[in-house]
Amino acid sequence: MQSDDATLRRENEFLRQLLKLNLELDFDKLLDFALDSILTLSGGRGGFLAVVEDGAAIVKAVRKFPREGLVQASLKLSGRVPELVPASDLLPGASAAERLYYVPIATESTVQAAAFLTPGASLPQGEDLAALLDFCAQAAVSVENFHLYKAAMYDKATGLYSLTNVLSRLEEELSRTARYKRKLTVLLVEIDRYSLLADIHGPAVAARLLRSVVEISRRSVRKADIAGRYSEQVIALILPETP
């Protein structure tokens with residue numbers, strides 16, 4: 001067990017790094033760091049971290065764990081306290097005696113994510129457990145904030161920029177174009193009879209068509225270009241430095 005001072009210093013360093021990653025808005029990097037930190041604070045020998053997305057638990061980060069045999073459909077992120085859970089529920093080849101250490105990453109209202117760890121020689125207790133729980137509480141806020149940011153910035157159905165973000169970026173580009181006398185092109189790509197298609201063939205068919213148009217748009221633009229959903233059936237493409 002770490003001394004209380006050493007545990008506190010380690011926790012504070014992890015929290016500082018977590019805050020820094022929040023500002024970078026790199027979700028995968030944040031989750032990798034969260035899993036590494038939880039492994040260190042818990043003494044775990046390996047494991048994985050799953051995040052709740054659209055009601056399902058999705059594995060996002062793995063360390064020294066057999067991901068290939070993992071049964072994701074059996075993942076349950078509902079418990080709000082760390083506990084040992086049967087490994088056989090997630091790994092068909094595991095024995096009935098094997099256990100994983102479940103560590104929830106939860107806000108006061110919602111379990112945002114959870115780590116499933118191969119336990120070390122002993123489970124964290126006392127100050128070590130308190131440090132682990134403090135870190136997980138902060139990590140949960142980071143995950144929740146990222147989901148809120150993503151919902152505001154991106155259209156859920158297409159993954160493109162949302163209308164609000166498209167208009168904001170367009171205003172920025174128009175200002176830059178006027179200031180530096182640059183070229184700018186804005187394209188509105190409309191899917192003809194989209195609503196009629198949805199009425200006749202159903203929303204699932206219309207959604208597949210929309211995803212196809214989005215994929216073509218993504219492949220057709222440069223890194224500097226901006227693609228977003230302008231309306232139900234219109235994709236906006238903002239092309240800086242383009243006459």
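Criteria and cut-off values
- Residues numbered from 1 in each chain as written.
- Predicted model: local features only at pLDDT ≥ 70, side-chain atom pairs only at ≥ 80, totals over all residues.
- Heavy atoms only, no water.
- Helix = DSSP H or I, 4+ residues; strand = E, 2+ residues; numbered from the N terminus.
- Rg over C-alpha atoms; globule rule 2.2 N^0.38 Å.
- Buried < 20%, exposed > 50% of the residue type's maximum accessible area, 1.4 Å probe, protein only.
- Contact = heavy atoms within 4.5 Å.
- Areas by Shrake-Rupley, 256 points an atom, 1.4 Å probe, with all protein chains shown as cover.
- Lys, Arg positive; Asp, Glu negative; His and termini not counted.
- Charge placed at Lys NZ, Arg CZ, Asp CG, Glu CD.
- Pairing = 2+ DSSP bridges.
- Axes fitted to C-alpha atoms, helices over the stretch in contact; angles between N-to-C directions.
- Parallel < 35°, antiparallel > 145°, perpendicular 65-115°, else oblique.
- Nonpolar A, V, L, I, M, F, W, Y, C, P; charged D, E, K, R; others polar.
- Phe/Tyr/Trp six-rings, centres within 6.5 Å; stacked < 30°, edge-to-face > 60°.

## Here we look at the overall build of the chain
Looking only at helices and strands, the chain has six helices and eight strands in total. Sequence-ordered secondary structure for the chain, helices as α and strands as β, is α-α-β-β-β-β-β-α-α-β-α-α-β-β. Relative to the 2.2 N^0.38 estimate, which gives 18 Å for 243 residues, the radius of gyration of the chain is 23 Å and therefore markedly larger than a compact globule would have. Overall, the chain is about 65 × 45 × 30 Å in size when its C-alpha atoms are taken along their principal axes. Among the 243 residues that make up the chain, the fraction classed as buried is 40%. In the chain, the proportion of contacts linking residues at least 24 apart, taken out of those at least 6 apart, comes to 56%. Carbon and sulfur atoms form 54% of the exposed surface of the chain, whose accessible area is close to 13900 Å². If the 29 positive side-chain charges of the chain are averaged to one point and the 31 negative ones to another, these points end up 7 Å apart.

## A few points about the pairing of strand β2 (residues 56-63)
Successive residues of a regular strand alternate their side chains across the two faces of the sheet. Across seven bridges, strand β1 (residues 46-53) lies against β2 in antiparallel orientation. Paired with V52 across the strands is A57, a residue of β2.

## A short note on the sheet that holds strand β7 (residues 226-231)
In a beta sheet, neighbouring strands are held together by backbone hydrogen bonds and run either parallel or antiparallel to one another. Judged by pairing direction, the sheet is antiparallel, and its three strands sit side by side in the order β6-β8-β7 without closing on themselves. Each edge of the sheet is formed by a strand with only one pairing partner; in this case those strands are β6 (184-190) and β7. Strand-to-strand twist in this sheet, taken as the mean axis angle between neighbours without regard to direction, amounts to 25°. Pairing geometry for β6 and strand β8 (residues 234-240), over seven bridges, is antiparallel. Bridge pairing in β8 places V186 opposite I238.

## With respect to the packing of helix α5 (residues 194-201) against helix α6 (residues 203-220)
Here α5 crosses α6 at 140°, and the two axes come no closer than 6 Å. It follows that α5 is oblique to α6 by the angle criterion. Seen from α5, the contacting residues are Y194, L197, A198 and H201; seen from α6, they are P203, V205, A206, A207, L209 and L210. Partitioned by chemical class, the residues of the contact of α5 with α6 number nine nonpolar, one polar and no charged.

## Some words on the sheet that holds β2
Here five strands make up an open sheet; going across it, the order is β2-β1-β5-β4-β3 and the pairing antiparallel. Across the chains shown, the open sheet's two edge strands, defined by having one partner strand only, are β2 and β3 (83-86). The average undirected angle you get between the axes of adjacent strands in this sheet is 30°. Strand direction decides the pairing type here: β3 and strand β4 (residues 99-106), joined by four bridges, are antiparallel. Bridge pairing links L84 to Y101 in β4. Contacts between helix α3 (residues 126-153) and the sheet are confined to β1, β4 and β5 (111-118), with β4 contributing the most and set at about 55° to the helix.

## Section: the packing of aromatic side chains
Within the structure shown, the criterion is met by seven aromatic pairs. Pairing F27 with F146 gives two aromatic rings, centres 4.2 Å apart and planes at 5°, and the pair type is stacked. Residue F27 is located in helix α2 (residues 27-42), and its partner F146 is located in helix α3; the two are separated by 119 residues in the primary sequence. On the basis of an interplanar angle of 45° and a centroid distance of 6.2 Å, the ring pair of F146 and Y149 is categorised as tilted. Here F146 and its partner Y149 are both found in helix α3, three residues apart, which amounts to about one turn of the helix. The rings of F48, F65, Y102 and F116 are connected pair by pair, giving a single aromatic cluster.

On their own, these measurements won't tell you what the molecule is for.
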